Structures are given as C-alpha cells and as structure tokens.
Amino acid sequence: MTVNAGKLALWTIAVGILVLGLKWLALDLTGSVALYSDALESVVNVAAAIFAFIAIRISALPPDDNHPYGHSKAEYLSAVSEGALIVFAALLILHEAYQSIFAPRQLDAPMIGLAVNGVATALNAIWAVVLIRGGAKARSPALAADGRHLMADVVSSIGVVVGLVLAQISGWTWLDPVIAI
C-alpha cells in the first residue's frame, strides 16, 4: 500500500484545527494557564502541518535547472521551522505563566475543561501514530517529524491533565502556572 504524503499532510491540517478548537474550548471553560500552554502548542501544530503540506508539495516537484537533484530538502526546512515555532510558543507560555504565578486563581469548570482537553489529546495520540507510520511508509521527514512532535504534545498534555487534577484536589492554585511552565 502506498501512502499519499500530500493527502496525509492535508488531513493533518484538518485534525490539527479540530484539536485546536477543542483545546481552546477547554481553555475558555477553565481559564487555566496550563491549558493555555496546551492550546498554544496546538496553534504550533496547525502551523507546522501547513508548513509540512507546503514542503511535501515542493519536494514532489521534479528536478530542474536550479535544483538538479530535486526539491526534497524542502521537507527538512519544514522540520526546522517547526522547531522555531516551538521555541516561540514556549516564550509566550513563559510570559503568561510568570504573570499568573503572582496572581493564581481558582479555575472555572475544571473537570469539564479537562474532559474536553482529554478528547483532544486522544485525537492527537491517534493522529500521531498515523503520521509516524505514514511518514515512514512515504519516506517523508516532514510527516515523521510532525508525528513525533504530536506524540510529544500528547505526553505534555497528559502531564497538564494530571497536574491540573492534582491542583484541584489539593487546592493549590499556584500549580496551574507552574504546570504551564
């Protein structure tokens, strides 16, 4: 079975937008800084998926006078841009969390928000596996990198959920911004 990297990349954008919507809803329901960090990571995922889609399209172009060996390096540039986006998101998260450490607050509807975030995390986990396998089959560095990034996002999302549950049980509101960091 052949894997169409372009179609997989296009579906990644759609799944990313759905997950982003769910995570933003979880943030809106709770007001949690940790869920803000999770939602912001989903913005990075959507942008990275768009970059990967463009890179895959470019890499599929045949060799020409300026690129006698083809355009395959475009996929590596996509992976590098994803790393840069992660660093930028981390800086935004640090800024927001730093401000919240000095003014922690109780979360609004924490369990509903965490449940919504859990559904988004499950979708990300499923899609990460699809991308890692599909990237390997298609020999696409961009898809494989995107899948590994999503799997790392799943792990951090699980950490956010566990941390926020502990914050709710203990009543330690300062845990929310600490978890975001």
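In this text the structure is predicted, and so the values were computed from the model without any measurement.

A.B. asks: What am I meant to see in the overall build of the chain here?
C.D. replies: Each helix and strand counted, the chain has six helices and zero strands in total. Listing every helix and strand of the chain by position from the N terminus yields α-α-α-α-α-α. Overall, the C-alpha framework of the chain stretches about 65 × 30 × 20 Å when taken along its three principal axes. The 181 residues of the chain split such that 44% are buried. Long-range pairs, those at least 24 residues apart, make up 76% of the contacts in the chain between residues at least 6 apart in sequence. Accessible surface for the chain amounts to roughly 9,600 Å². Of this, 72% is attributable to carbon and sulfur atoms. Across the chain, 9 positive and 12 negative side-chain charges occur, with their mean positions spaced 13 Å apart.

A.B. asks: What is the right way to read the environment of I56 from this model?
C.D. replies: For I56, the location among the structural elements is in helix α2 (residues 33-59). Placed 49 residues apart in sequence, I56 and K7 show a C-alpha to C-alpha distance of 9.9 Å. In this structure, I56 is in contact with A5, G6, A9, E75, S140, A142 and L143, ignoring residues within four places of it in sequence.

A.B. asks: Help me understand the pattern of salt bridges, please; the structure alone is not making it clear to me.
C.D. replies: As a working rule, side chains carrying opposite charge can pair if their charged atoms are close by. Tallied over the full model, the rule gives three salt bridges. Here R105 and D108 are joined by a salt bridge, their closest N and O atoms 3.8 Å apart. With relative accessibility at 41%, the residue R105 sits in the partly exposed group. Given the relative accessible area of 44%, D108 is considered partly exposed. Bridged by salt links that share partners, the residues K23, D38 and D153 form one connected network.

Calculation notes
Residues numbered from 1 in each chain as written. Predicted model: local features only at pLDDT ≥ 70, side-chain atom pairs only at ≥ 80, totals over all residues. Heavy atoms only, no water. Helix = DSSP H or I, 4+ residues; strand = E, 2+ residues; numbered from the N terminus. Buried < 20%, exposed > 50% of the residue type's maximum accessible area, 1.4 Å probe, protein only. Contact = heavy atoms within 4.5 Å. Areas by Shrake-Rupley, 256 points an atom, 1.4 Å probe, with all protein chains shown as cover. Lys, Arg positive; Asp, Glu negative; His and termini not counted. Charge placed at Lys NZ, Arg CZ, Asp CG, Glu CD. Salt bridge = Lys/Arg side-chain N within 4 Å of Asp/Glu carboxyl O.

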